Amino acid sequence: MSVIAAPPPRRRWSRRLANAWPPALVLAVVVGLWAGVGALVHAASDVLPGPDLVVRSTWQDRSNLWPAAWTTTREAIFGILAAIVVAVVLAVAIDSSRTVRRSIYPLMVASQTLPIIALAPLVVIWFGFGPLPKIALVALFTFFAIAVGLVQGLASADVDATNLLRTMGASRLQLLLRVRVPSAIPQFFTGLKVAVTYSFVSAIVAEFVGAQQGLGVYMTTAKNAFRTDLVFGAVLVTAILTLLLFAIVTVLERLALPWRRPASATGTP
Amino acid sequence: MAPARERYGDAMSAGARLELRDLRKRFSQADGSALTVLDGVDLTAEPGEFVAVIGPSGCGKSTIFHILAGLEDASDGAVLIDGVQTPKRLGVCAFMPQRDGLLPWRRVIDNATIGLELAGVPRAQARERALPLLERFGLGEFARAWPWQLSGGMRQRAAFLRTVLMGKPAMLLDEPFGALDGITRGDLQQWLLDVWDEVGSTVVLITHDVPEAVFLADRVYVMSPRPGRIAAVVEIDLPRPRTLAIEESPQFAAYESRLRAALRGRTDPVDEPAAGTAGERP
């Protein structure tokens, strides 16, 4: 017979460590397998470079890698910012007017069925090889997740709260700013987190098609020189940067929602 | 009343006279048929009076409030405020919904002042008005707390403070204590009476709790099950100020049994007055 006892209260950091070690363990196993398989089959370094080689070469080539990473990071961030602007405008319009909702929302969903990767060459033809087409493509890739989150969030506003403010004589704008927008913030961040995970990938895809600098260019160059270790390195850097951006959004989310009841809080005074 | 006037400042106002005449409300349903929710409701609250509406769930009590507050229009009948037909009623009465309606992203003080804020009162001025009342409402230490940090009774007090602060001549309270335990409830009822005494506005209260209606109200309207009608009107002629001790009195018990009987639809209040009561309306 087992008795389920409530876990003892833990401090914040020890709980974070407790949350961190399972994925860290899995990661260690994967890296170990990577190194082990490479050693076992005596893989050539241009097919499967070992983790140690990847880290070493990437570090040696950092003077080339950093500017590339910085270019792509800028494209990803500006793309996300553009996506936020587009998503906010669309979501508020969709939320405010039934006509807009009926005419725009289906098109917005349909826009996601476009093969956006296939659009990349077109965007380059229109906007050239600079950063603009990359930003446009990142925005195109990511606005949808943000917009859908916002539309749902705005619609999730509590009917009772809305009615209450109406009885106080609130205007539509006041209702939007004081009830609907605050209600939408949690789902906005959910959408934003999804968008962030797409952002680097879409910037890199745009760079594959044509660019002067960036991680996409770096990977193409490394591949053409059979420097598989550097391709791996660029992939790793992309993953780390995406995680970093994700972490920043998580922090912003916490700052934007100070009123949210912490999940660990129990009871009331 | 001088100290109360000082304390509540502009929040204090003379009560309004509310009158519903032959109010009817029909909703059209999905299958095209009409659902009659209110079928001729007459109700009057004199200036400064405390009126309770009691009835089984689904009898249209809340619909009466939605119409009074201006959220919905009546299908038929008239709504008179201070004797004048008032078709645009949003912003006229202070409405306290059944669930407290506190906005989770606003601190207690900002929830309390939202009515003033929407009315265009500058933030600093609204806070200045709210701060002494927070104390009076037992929320002094919780001005900066988030709503989730409050207990159920505190949430209701915060919601009621928000309602009082709007400074409207009439307050509509929709089952304000419905979700509270008995002890908290008794305390808050007592306290509500004290505040009402100081504020002086007209109060209409919806409840499904018979002792609550008797304890608080000058007059109780008993509603029939849907379609809602006024089945009985009972004047509660108990002396004021009232304290919870009054619940032990025989008159209190008589009023209670009379309301219970009316709720069951058995008694015609005009034909069968209960002991110790006076002044029914037909």
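Residues numbered from 1 in each chain as written. Chains lettered and ligands numbered in written order. Predicted model: local features only at pLDDT ≥ 70, side-chain atom pairs only at ≥ 80, totals over all residues. Heavy atoms only, no water.

Colleague: Which residues make up the nonpolar core, and what are the values?
Modeller: Nonpolar side chains tend to gather and get buried jointly when the protein is soluble and globular. Leu165 of chain A together with Leu18, Phe50, Phe137, Phe160, Leu172 and Val220 of chain B are the most contacted members of the largest nonpolar core, which has 103 residues in total. Looking at which domains feed residues into this core, each of domain 1 (1-90 + 192-277) and domain 2 (94-167) of chain B supplies at least three. Formed by 38 residues, the second largest nonpolar core is a distinct cluster that contains Ala87, Leu150, Ala222 and Leu241 of chain A. (Core = buried A, V, L, I, M, F, W, Y, C linked by side-chain atoms within 4.5 Å. Buried < 20%, exposed > 50% of the residue type's maximum accessible area, 1.4 Å probe, protein only. Domains from an automatic or database assignment.)

Colleague: Describe the domain arrangement of chain B, with residues and values.
Modeller: Residues and elements named next belong to chain B. According to the domain assignment, chain B consists of domain 1 (1-90 + 192-277) and domain 2 (94-167). Between the C-alpha centres of domain 1 and domain 2 there is a distance of 25 Å. In this assembly, 15 residues from domain 1 lie in contact with 10 residues from domain 2. Taking both partners together, domain 1 and domain 2 bury about 990 Å²; carbon and sulfur atoms supply 69% of that area. On inspection of domain 1 and its partner domain 2, the count reaches 1 salt bridge. Across the salt bridge formed by arginine 136 and glutamate 198, the nearest N and O atoms sit 3.1 Å from each other. For the pair domain 1 and domain 2, the number of links is 1 residue pair in polar contact (both at pLDDT 80 or more). At the level of secondary structure, the elements contributing two or more residues to the side of domain 1 that touches domain 2 comprise helix H1 (2-8), helix H2 (61-69) and helix H7 (182-199). Broken down by element, the side of domain 1 that touches domain 2 gets its largest block of residues, 5 residues, from H7. Partitioned by chemical class, the residues of the side of domain 1 that touches domain 2 number 8 nonpolar, 3 polar and 4 charged. (Contact = heavy atoms within 4.5 Å. Buried area = accessible area lost by both parts, 1.4 Å probe. Salt bridge = Lys/Arg side-chain N within 4 Å of Asp/Glu carboxyl O. Polar contact = N/O pair within 3.5 Å; in protein donor to acceptor, adjacent residues only side chain to side chain. Helix = DSSP H or I, 4+ residues; strand = E, 2+ residues; numbered from the N terminus. Nonpolar A, V, L, I, M, F, W, Y, C, P; charged D, E, K, R; others polar.)

Colleague: Give me the interface of chain B and chain A: which residues, what numbers.
Modeller: Residue-level contacts link 26 residues of chain B with 24 residues of chain A. For chain B, the biggest contributors to the area lost against chain A are Trp105, Leu118 and Trp148 of chain B; these three give 35% of the whole. The interface formed by chain B and chain A contains 3 salt bridges. Residue aspartate 160 of chain A pairs with arginine 99 of chain B through a salt bridge whose shortest N-O separation is 2.7 Å. Examining the composition of the side of chain B that touches chain A, we find that 4 residues originate from one element, helix H4 (residues 114-118) of chain B, more than from any other. Residues of the side of chain B that touches chain A, tallied by class, amount to 17 nonpolar, 5 polar and 4 charged.

Colleague: So what's going on with the pattern of salt bridges? Residues and values would help.
Modeller: Residue and element names in this part refer to chain B. Under the criterion given, the structure shown has 26 salt bridges over all chains. Between glutamate 46 and arginine 17 there is a salt bridge; the shortest N-O distance is 3.1 Å. You can see glutamate 46 sitting in the loop between strand S2 (34-45) and strand S3 (50-54) and its partner arginine 17 sitting in the loop between H1 and strand S1 (18-28), a full 29 residues away along the chain. Given the relative accessible area of 26%, glutamate 46 is considered partly exposed. For lysine 61, the salt bridge goes to glutamate 175, with nearest N and O atoms at 3.9 Å. With a gap of 114 residues between them, lysine 61 in helix H2 and glutamate 175 in the loop between strand S7 (170-174) and H7 connect regions that are remote in the sequence. Of the two residues examined, lysine 61 and glutamate 175, each falls in the buried class. If you follow the salt bridges from partner to partner, you end up with Arg17, Glu19, Arg21 and Glu46 in one network.

Colleague: Residue-level account of the pairing of S1 of chain B, with values.
Modeller: For a regular strand, the rule is simple: side chains alternate between the two faces of the sheet. Residues and elements named next belong to chain B. As defined by bridge partners, S1 adjoins S2 across 9 bridges and the pair is classed as antiparallel. Bridge pairing in S2 links leucine 18 to alanine 45. In this antiparallel pair of consecutive strands, S1 and S2, the connection spans 5 residues, and glycine 32 shows a positive phi of 95°. (Pairing = 2+ DSSP bridges.)

Colleague: Before we move on, could you go through the packing of aromatic side chains and cite the residues and values that matter?
Modeller: In total, this model carries 9 aromatic pairs over all chains according to the counting rule given. Taken together, a centroid distance of 6.5 Å and an interplanar angle of 80° make the contact between phenylalanine 143 of chain A and phenylalanine 144 of chain A edge-to-face. Residue classification places phenylalanine 144 of chain A among the partly exposed positions, given a relative accessible area of 22%. Measuring from ring centre to ring centre gives 5.7 Å for phenylalanine 160 of chain B and tryptophan 191 of chain B, while their planes differ by 70°; the resulting arrangement is edge-to-face. Note that phenylalanine 160 of chain B is positioned in helix H6 (residues 152-165) and tryptophan 191 of chain B in helix H7, a separation of 31 residues in sequence. (Phe/Tyr/Trp six-rings, centres within 6.5 Å; stacked < 30°, edge-to-face > 60°.)

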